[in-house]
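One-letter residues, chain by chain:
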Amino acid sequence: MTVHIGAQPGEIAEVVLMPGDPLRAEWAAQTFLDDAVCVNRVRGMLGYTGTWKGQRVTIQGSGMGMPSLSIYANELIRDYGAKTLIRIGSCGAMQEKVQIRDIIIAMTASTLSTPSRGIFRDLNFAPCADYDLLEAAVSAARAKGSAVHVGGIYSSDVFYDERPDLNEQMVRHGILGVEMEAAELYNLAARHGVRALAVLTVSDHLLTHEALPSEDRERTFGEMVEIALEAAFA
Ligand code: HPA
């Protein structure tokens, strides 16, 4: 057990999928895993371990934002030996070519700050995805016929943004979408020598102001979970 995860040693798999929302962790485990067992309830941040095609997988909520994800990712890597961590979450699109329900696979993630800023200080470290995972996820998405975009994303510290100028610069520099966790996941993976990737579903659009209807969210989310699982075990 750690401060924030109640699982016993050995109850967390080496492959961990991390949705922001703990209830999505529960839904994904019940939908995609066999023999899923709840291994964490601390603070309601649900985590489940089961198998997918005979391979052990944990699906653990990360909470929203990089400080929350940092707590769970640190404990999963350092205390439970997680080796492959894939964020599965939603994002807001920042380019016209990206549509609601499309999948974004993040090569890298720009930020204003991350919990790692204390280490990097004035260095602009470029957090990047694990290439093998990225390639496998792109292949899995293409094989499914998913509309997939691969490129840079923006990991913001705020959902209610007071810096429209910053979003304009992100759009101008080709950033595909905005979310709030991936950059720190990539920083931590680099620091600890493990593999990380973020596979995202576009839930809303910052340019057109469209949003995914709630009845569509589950189906689109499922496509992303399958892509993440296929990439993890490719
Ligand atoms: N901003 C930040 N995070 C998000 C958004 C957004 O617009 N949409 C989904 N996650």
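The structure reproduced in this document is the subject of the present report. The residue numbers shown here count from 1 along each chain, following its written sequence. Owing to the predicted nature of the model, reporting of local features is limited to residues with pLDDT of at least 70; listing and counting of side-chain atom pairs is limited to 80 or more, with chain, interface and lining totals taken over all residues. Only hydrogens and water are removed before side-chain values are computed, so all heavy atoms of the structure are retained for them.

**Concerning the nonpolar core**
Convention followed: The nonpolar core is taken to be a set of buried Ala, Val, Leu, Ile, Met, Phe, Trp, Tyr and Cys residues, with the residues joined through side-chain atoms within 4.5 Å. Throughout this description, buried means an accessible area under 20% of the type-specific maximum (1.4 Å probe, protein chains only), exposed means over 50%, and partly exposed covers the range between. Helix and strand definitions here come from DSSP, where helices need a minimum of 4 consecutive H or I residues and strands a minimum of 2 consecutive E residues; each element is numbered from the N-terminal end. Here a residue-residue contact requires only that any non-hydrogen atoms of the pair lie within 4.5 Å.
Of all hydrophobic cores here, the largest spans 72 residues; its most connected members are Leu 17, Leu 85, Ile 105, Leu 197 and Val 199. Top element by residues in this core is helix α7 (residues 214-232). It accounts for eight residues. If we ignore the near neighbours within four places in the chain, the residues touching Leu 197 are Leu 85, Ile 86, Arg 87, Ile 105, Ala 106, Ala 129, Leu 133, Leu 134, Ala 137, Leu 185 and Tyr 186. Counting six residues, the second largest nonpolar core, distinct from the first, contains Met 94, Met 170, Ile 175 and Val 178.

**Some points on the environment of Ala 28**
Note that Ala 28 resides in helix α1 (residues 22-32). Put simply, Ala 28 and Val 225 are 197 residues apart on the chain and 7.2 Å apart in space, counted from C-alpha to C-alpha. Apart from residues no more than four positions distant in its own chain, Ala 28 is found in contact with Leu 33, Ile 59, Phe 221 and Val 225.

**Considerations on the state of the cysteines**
Where we set the bar: Defined by distance alone, a disulfide is two cysteine sulfur atoms within 2.5 Å.
In the structure shown here, the tally under the stated rule is zero disulfides. Cys 128 forms no disulfide, and the closest cysteine sulfur to it belongs to Cys 91, at a distance of 19 Å. Exposure remark for Cys 128: the relative accessible area of 51% places this residue in the exposed category.

**A look at the packing of α1 against α7**
Two numbers describe a pair of packed helices, the interaxial angle and the distance between the axes. Stated precisely, the cut-off is as follows: With axes taken as lines fitted to C-alpha atoms, and helix axes fitted only over the stretch in contact, angles between N-to-C directions fall between 0 and 180 degrees. Each angle gets one of four labels, with under 35 degrees taken as roughly parallel, over 145 as roughly antiparallel, 65 to 115 as roughly perpendicular, and the rest as oblique. For any pair of crossing helices, the crossing counts as left-handed if the nearer helix is rotated counterclockwise from the farther one by less than a right angle, and right-handed if it is rotated clockwise.
Two numbers describe how α1 lies on α7: the axes approach to 11 Å, and their chain directions differ by 70°. Here α7 runs roughly perpendicular to α1, going by the angle between their axes. Considering the relative orientation of α1 and α7, their crossing is right-handed. Contacts between α1 and α7 involve Arg 24, Trp 27, Ala 28 and Phe 32 from the first element and Arg 217, Glu 218, Phe 221, Gly 222, Val 225, Glu 226 and Leu 229 from the second.

**As for the pattern of salt bridges**
Short version of the rule: Any carboxyl oxygen of Asp or Glu within 4 Å of a side-chain nitrogen of Lys or Arg constitutes a salt bridge here.
If you walk through the whole model with that rule in mind, you get five salt bridges. Arg 87 is paired through a salt bridge with Glu 181; the nearest N and O atoms lie 2.9 Å apart. With Arg 87 in strand β5 (residues 84-93) and Glu 181 in the loop between β8 (177-179) and α6 (182-192), this pair connects stretches of sequence that are 94 residues apart. Three or more residues are tied together by salt bridges with common partners; here these are Arg 87, Glu 179 and Glu 181.

**As for the packing of helix α2 (residues 66-78) against α6**
Note the following rule: Gly is put with the polar residues, along with every residue not named as nonpolar or charged; the nonpolar set is Ala, Val, Leu, Ile, Met, Phe, Trp, Tyr, Cys and Pro, and the charged set is Asp, Glu, Lys and Arg.
Contact geometry of α2 with α6 gives a least axis separation of 9 Å together with a crossing angle of 25°. Here α6 runs roughly parallel to α2, going by the angle between their axes. In this structure, α2 crosses over α6, and the sense of that crossing is right-handed. In contact with Met 66, Leu 69, Ser 70, Ala 73, Asn 74, Ile 77 and Arg 78 of α2, α6 contributes Ala 183, Glu 184, Leu 185, Leu 188 and His 192. Classifying every residue of the contact of α2 with α6 gives seven nonpolar, three polar and two charged.

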